[in-house]
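Survey of secondary and tertiary structure
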Amino acid sequence: MSILVTGGTGFIGSHTAVEMIEAGTKVLIVDNFSNSKPAVLDRIFRITGVKPEFVLCDLCDYDALEIVFANHPDIEGCIHFAGLKAVGESVQKPVEYYRNNLVSTMNLCQFLAKYGAKKLVFSSSATVYGKPASVPIREDFPLSCTNPYGETKLVIEYLLRDLVVADPEWSIVVLRYFNPIGAHKSGLMGEDPKGIPNNLLPYVSKVANGKLPYLHVFGNDYHTHDGTGVRDYIHVVDLARAHLDAIRYARERSGIDYINLGTGCGYSVLDIVHAYENATGKKVPYRIEARRPGDIDECYADPSKALRVLGWKAERNLEDMCRDSDHWQSLNPDGYPEKEEA
Ligand code: UD1
């Protein structure tokens, strides 16, 4: 039996594929390389010694996706990472975001049902909690969103909820990620954003390694210990491993569950700057600037449900996250190559 991994050449998908292969699970990766490169597949091979089966496929292409399922009757279930995820871009291109993220997921659900593989782990985000009334955030907190990207996550969560009502054979685990950072300890895989990074850690790594002059700290007048925004950063390998537990859980029961994946610790932007400097010995110059529209003061998880339900908790600390991010960045200053070296 195999697990279909959509978006398996992306940041979280690739790290999850490695952990699954190393745990002896057969994976079938599909991706359209809209935000990733084929070189990732070679890197997975270099780490695991296994060349994962891969199909180039856009999940919005109904006929192409049906062929994937028809050709792989051993698909048992799916981890669905694929999706557009840039908040700012989603505000500019709402139709593209809704169309891509919703049509792909609807197609996928149809074929998972048709081919008897009704086990799904879905990549959601803490963004579905909007501006939380308090922290730490529990899974039963009210849901709301402030941008089209977040809305697509929320609408998909509703779709999956309704799917389970209509057909109780489905087994769905919705994972709500906090802020994934870090990289594989080999330095062979990491986050490879296109252009100037939007998220904090990739930006910090580029500053520390001389690719960008300084970090723009977006606001220091938030209600936090030092005035800068507080988030729950989680090592991508810890996050990846949670997917193995989620698949195991999906095999054991039916229904739908929503599970936060975070460490439960909140760190500010300046905490990150200092941790990065301490972990790497590199300087991260910064300037305090205006708030970024839509940002919130604090966002960190209550991760106790993940421990209770999946038996999972994060094991890597902030120093590990900074060191591994920096290792990746220094070995791959321009990210993955367009074509992998032979
Ligand atoms: C962002 C998205 C969120 C998405 C998540 C995925 C926004 C508004 N939110 O979350 O929907 O699910 O990424 O990883 O984009 N910061 C700086 N300077 C920078 C970049 C960030 O000071 O150059 C600060 C931010 O103001 C924030 C913190 O760093 O306080 C983290 O920012 P970021 O990495 O973008 O993550 P989120 O905003 O939490």
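Here the structure is shown first, and the text comes after it.
Notes on the structure in this doc start here.

1. A short note on helix 1 (residues 11-22)
Its 12 residues place the ends of helix 1 17 Å apart at the C-alpha level, agreeing with the 16 Å of an ideal helix rising 1.5 Å per residue. Burial analysis of helix 1 places 11 of its 12 residues in the buried class, which makes it a mostly covered element. Inspection of helix 1 places Phe 11, Ile 12, Gly 13, Ser 14, His 15, Thr 16, Ala 17, Val 18, Glu 19, Met 20 and Ile 21 among the buried residues, and these make up the whole buried set.

2. Notes on unusual backbone geometry
Here the amide bond leading from Val 135 into Pro 136 is cis, since omega sits at -5 degrees, within 30 degrees of zero. Counting through the fold element by element, Pro 136 comes out in the loop between strand 5 (119-125) and helix 6 (148-166). Despite not being glycine, Phe 33 shows a phi value in the positive range, around 55 degrees. With respect to the element layout, Phe 33 can be found in the loop between strand 2 (26-31) and helix 2 (39-48).

3. Section: the pattern of salt bridges
Evaluation of the coordinates by the stated rule reveals 26 salt bridges. Its salt-bridge partner being Arg 138, residue Asp 140 comes within 3.1 Å of it at the nearest N-O pair. You can call Asp 140 exposed: its relative accessible area is 56%. Of the charged contacts in the structure, one is a salt bridge between Arg 253 and Asp 257, with a shortest N-O distance of 3.3 Å. This pair shows no difference in class: Arg 253 is buried, exactly as Asp 257 is. Taken together, the shared-partner salt bridges in this structure form one network comprising Lys 37, Asp 192 and Glu 338.

4. A short note on the state of the cysteines
This model, assessed by the stated rule, comprises zero disulfides. Considering cysteine sulfurs only, Cys 57 is the nearest to Cys 60, which forms no disulfide, with 9.4 Å between them. Judged by its relative accessible area of 19%, Cys 60 is buried. You can see Cys 322 has no disulfide; the closest cysteine sulfur is in Cys 265, sitting 13 Å from it. Judged by relative accessible area, Cys 322 falls into the buried class, the value being 0%.

5. Considerations on the packing of aromatic side chains
The final tally for this structure, using the stated rule, is seven aromatic pairs. Within the aromatic cluster, the residues linked to one another by ring pairs are Tyr 62, Phe 69, Phe 111 and Tyr 115. It is Arg 287 that lies over the ring of Tyr 214; its NZ or CZ is 3.9 Å from the centre.

6. Let's talk about the environment of Gly 10
For Gly 10, the position within the fold is in the loop between strand 1 (2-6) and helix 1. Residues Gly 10 and Phe 33, spaced 23 residues apart in sequence, show a C-alpha to C-alpha distance of 8.3 Å. Setting aside anything within four residues of it in sequence, one finds Gly 10 in contact with Asp 31 and Ser 36.

7. Considering the packing of helix 1 against helix 2
For the pair helix 1 and helix 2, interaxial distance at closest approach is 10 Å and the crossing angle is 30 degrees. The way helix 1 lies across helix 2 gives a crossing that is right-handed. Residues Ser 14, Ala 17, Val 18, Ile 21 and Glu 22 of helix 1 form the contact with helix 2, whose own contacting residues are Val 40, Ile 44, Ile 47 and Thr 48. For the contact of helix 1 with helix 2, the per-class residue count stands at six nonpolar, two polar and one charged.

8. A closer look at the sheet that holds strand 14 (residues 298-299)
Reading across the sheet, the three strands line up as 12-9-14 and stay open at both edges, with mixed pairing between neighbours. The strands lining the two open edges of the sheet, one partner per strand, are strand 12 (267-268) and strand 14.

9. Quick notes on the side chain of Asp 320
Considering the arrangement of structural elements, one finds Asp 320 in helix 11 (residues 318-331). Here the side chain of Asp 320 touches Asn 317 through a polar contact of 2.8 Å, landing on its backbone nitrogen.

Calculation criteria
Sequence order as written defines the numbering, with residues in each chain counted from 1. Given that this is a predicted model, residues contribute local features only at a pLDDT of at least 70 and side-chain atom pairs are listed and counted only at 80 or more, while totals for whole chains, interfaces and linings are drawn from all residues. In computing side-chain properties, one takes all heavy atoms of the structure into account and sets aside hydrogens as well as water. Where helices and strands are cited, they refer to DSSP runs of H or I of at least four residues and of E of at least two residues respectively, numbered from the N terminus. Given a helix with a known number of residues, its expected span is that number minus one, times 1.5 Å. The classification of residues rests on relative accessible area computed with a 1.4 Å probe and restricted to protein chains. Under 20% of the type maximum is buried, over 50% is exposed, and intermediate values are partly exposed. Salt bridge, as used here: a side-chain nitrogen of Lys or Arg that lies within 4 Å of a carboxyl oxygen of Asp or Glu. Counting rule for disulfides: a pair of cysteine sulfur atoms within 2.5 Å. Only centres within 6.5 Å qualify two rings of Phe, Tyr or Trp (six-membered ring in Trp) as a pair; their planes then separate them into stacked at under 30 degrees, edge-to-face at over 60, and tilted for everything else. Note on geometry: a ring has a charge over it if NZ (lysine) or CZ (arginine) is within 6 Å of the ring centre and within 35 degrees of the ring normal. Between two residues, a contact is recorded if the distance between any of their heavy atoms is within 4.5 Å. Helix axes are fitted only over the stretch in contact, all axes being lines through C-alpha atoms; the angle between N-to-C directions runs from 0 to 180 degrees. By the definition used in this description, the sense in which the near helix is turned from the far one sets the handedness, with an anticlockwise turn below a right angle giving left-handed and a clockwise turn giving right-handed. Each residue is assigned to one class: nonpolar for Ala, Val, Leu, Ile, Met, Phe, Trp, Tyr, Cys and Pro, charged for Asp, Glu, Lys and Arg, and polar for all the others, Gly among them. Pairing between two strands is assigned when DSSP locates at least 2 bridges connecting them. Any N or O atom pair separated by 3.5 Å or less is treated as a polar contact, with the protein-specific requirement of one donor-capable and one acceptor-capable atom, and with residues adjacent in sequence counted only for side-chain atom pairs.

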